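# Results of the structural survey
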Amino acid sequence: MKLQPIVYTRDMARAVAWYGQVLGMSPSYQSDIWTTFDVNGAHLAIHRVDGDLANESRVGISLVAMDTLEDLMQRW
């Protein structure tokens, strides 16, 4: 299981350009609403949201697992 940080933005193009410059790389996947950067085996995701953001620097964390939900529930 891996942790994946998700950065929320209203301006996908601006966020992708900024993180691309900071990381010195291109996205591994890119769409209008979801972009990921592969950073040494980890993923940084950028998610576009419409409307108000309670906090302009909002970041979430997701758990990425290859196991089935049933297997995870048994382990937990």
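Here we summarise the structure given alongside this text. As the structure is a prediction and not an experimental result, all values here were calculated from the model.

Direction of pairing for strand E1 (residues 2-9) relative to strand E4 (residues 42-48): parallel, over a ladder of four bridges. Paired with Val 7 across the bridge in E4 is Ile 46. Remark: two residues form the turn of the hairpin made by strand E3 (residues 34-39) and E4, two consecutive strands paired antiparallel; Asn 40 in that turn has positive phi of roughly 50 degrees.

The next point concerns the nonpolar core. Counting eight residues, the largest nonpolar core is built from Val 7, Met 12, Ala 15, Val 16, Tyr 19, Phe 37, Leu 44 and Ile 46. Within the residue set of this core, elements represented by two or more residues are helix H1 (12-23) and E4. Top element by residues in this core is H1. It accounts for four residues. Setting aside chain neighbours within four positions, we find Ala 15 in contact with Thr 9 and Ile 46.

Cut-offs used in this document
- Within every chain, residues take consecutive numbers counted from 1 along the sequence as written.
- In view of the model being predicted, local features appear only for residues whose pLDDT reaches at least 70, and side-chain atom pairs are presented and counted only at 80 or more, with totals across whole chains, interfaces and linings using the full set of residues.
- The side-chain numbers reported here are obtained from all heavy atoms of the structure, hydrogens and water having been left aside.
- A pair of strands counts as paired when DSSP detects no fewer than two bridges linking them.
- A helix here means a DSSP run of H or I that spans at least four residues, while a strand means a run of E at least two residues long, and both kinds are numbered starting from the N terminus.
- Here the nonpolar core consists of buried residues drawn from Ala, Val, Leu, Ile, Met, Phe, Trp, Tyr and Cys, with membership extended through side-chain atoms lying within 4.5 Å.
- Think of it in three bands: residues with accessible area under 20% of the maximum for their type are buried, residues over 50% are exposed, and the middle band is partly exposed, with areas taken using a 1.4 Å probe on protein chains only.
- Contacts: residue pairs with any heavy atoms within 4.5 Å of one another.

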